[in-house]
Structure formats: C-alpha cells, structure tokens
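Chain and residue survey
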Amino acid sequence: MINTQQNSFTPDDHRYMTMARQLAARSLRNEEVPVGALIVSDEGSIIGRGYNQIEKKQSQLGHAEIQAIHQATKKINGWRLDVHTLYVTLEPCMMCLGACLLSRIKRIVYGAPSNLFGISSSIDLMPPVYRSHTIIFQGLQQDECGDMLKHFFSKIRSKKETAREQECAIHQHHERKLT
C-alpha cells in the first residue's frame, strides 16, 4: 500500500532520511548512482546501512537497500524485519522491493521517485500477501534526494558529451590527414 500523505512524516523520519542522504553522498564520491538506505527499529536503533556499490561490486546486489537489509539481518541474527523502517533516498526497484517485502519490513519511506525503475506503478499488481504488511511512504525530502541524482546524471552526461566531442575531433583530424 502506498501512502502519499506528506504530513505523515515525523521529525525522526526527516532525521533518518537526512542520514540516508549522507550515505548517498558516499555513493556519489565513489562515482556510483547516489542512493543511500537505513533500516531503523521501532525503538530508533539503526541496524542497517547501505549505499550503492554496484560498480564496485560489479553486481546488482550492490543496491543500497540490499546492503542495508543484509547488514540488518546479520545484526539481529534473523531475517524478519517486521518492526523496522527502511529509509531510502530513491524509490526502490522491483528487486529491492521484493527483498523488503520478503523481509517483512513494516515501512518503506523513500525520497525521490524513479520513473524508470520505481515500483509505484506496479505495486497493485503484486499478490495481496506481499502487500499486507508493508506500508510505503513517498516523497520525504524529495527535492533534496532528487537534486543529488540530477547532479550525478548531469555530470555523467557532461562526461559523455566531452568524450564524444574529443572522438569527433580525433576523427576529423584523421580525415584531414587522409585528404
């Protein structure tokens, strides 16, 4: 179930999302898509942290949410995270949502939407058993989370354009030599 009520965010929600954004900044420094994730117990203990490490690990299992879930389950020595909240800076993909649902995470709170890989459009297609125990809240610190992603992808596009321009210049230089 997706809850879009912006006023349902608490000061603690904001604090934890800010911490998730700090983790996303670690991804950014490592030239990874800047996504950070935290798993927090009902009592407020942080039991799992993750940030994107897909390029470093050369594996899709390097998603921030998967890293946080792995750390959290080791910490509690169990796989059920049914009294926990996942804070993540970007809307989870299908793989990460599946891991969250199978882990019985109580709440998922995310920042920026992901029009390409996000789960919002397909959550209603999942069997009710998967949707019965997890509530998804969207849009917490959406602008701040989104700005970090926009900056990253803008930088990537700029690098590609520079490389393309250099390649064209080299190609033109070789053509001149041949004529």
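Residues numbered from 1 in each chain as written. Predicted model: local features only at pLDDT ≥ 70, side-chain atom pairs only at ≥ 80, totals over all residues. Heavy atoms only, no water.

1. Points about the packing of aromatic side chains
How two aromatic rings sit relative to each other is given by the distance of their centres and the angle of their planes. Our working definition: When two rings of Phe, Tyr or Trp (its six-membered ring) have centres within 6.5 Å they constitute a pair, described as stacked for plane angles under 30 degrees, edge-to-face for angles over 60, and tilted for the intermediate range. Only protein chains enter the area calculation, which uses a 1.4 Å probe; residues under 20% of their type maximum are buried, those over 50% are exposed, and those in between are partly exposed. For a Lys NZ or an Arg CZ to count as sitting over a ring, it must be within 6 Å of the ring centre and within 35 degrees of the ring normal.
Counted by the stated rule, this structure contains 3 aromatic pairs. With 5.0 Å between their ring centres and 80° between their planes, Phe152 and Phe153 make a pair best called edge-to-face. On the basis of relative accessibility, which here comes to 8%, the residue Phe152 falls in the buried class. Since its relative accessible area comes to 34%, Phe153 is described here as partly exposed. One cation-aromatic arrangement involves Arg15 over Tyr16; the distance from NZ or CZ to the ring centre is 4.6 Å.

2. Here's the deal with helix 3 (residues 64–76)
Spelled out, the test is: In this text, helices come from DSSP runs of H or I with a minimum length of four residues, and strands from runs of E with a minimum of two, each type numbered from the N-terminal end. Helix span is expected to be 1.5 Å times the residue number reduced by one. Here, residues are in contact when the closest pair of their heavy atoms is within 4.5 Å.
The end-to-end C-alpha distance of helix 3 is 19 Å, a good match for the 18 Å that 13 residues give at a rise of 1.5 Å each. Among the residues making up helix 3, those that are buried are Ala64, Glu65, Ile66, Gln67, Ala68, Ile69, Ala72 and Thr73. Taken together, the buried residues of helix 3 touch strand 2 (36–41), strand 3 (46–51), helix 2 (54–57), strand 4 (84–90) and helix 4 (94–102). One or two residues past the end of helix 3 sits Asn77, with phi positive at roughly 55°.

3. Things to note about the environment of Met19
Take Met19: it is sitting in helix 1 (residues 11–29). In sequence terms Met19 and Arg49 are 30 residues apart; their C-alpha atoms lie 9.5 Å from each other. Once residues within four sequence positions are removed from consideration, Met19 is found in contact with Leu38 and Ile46.

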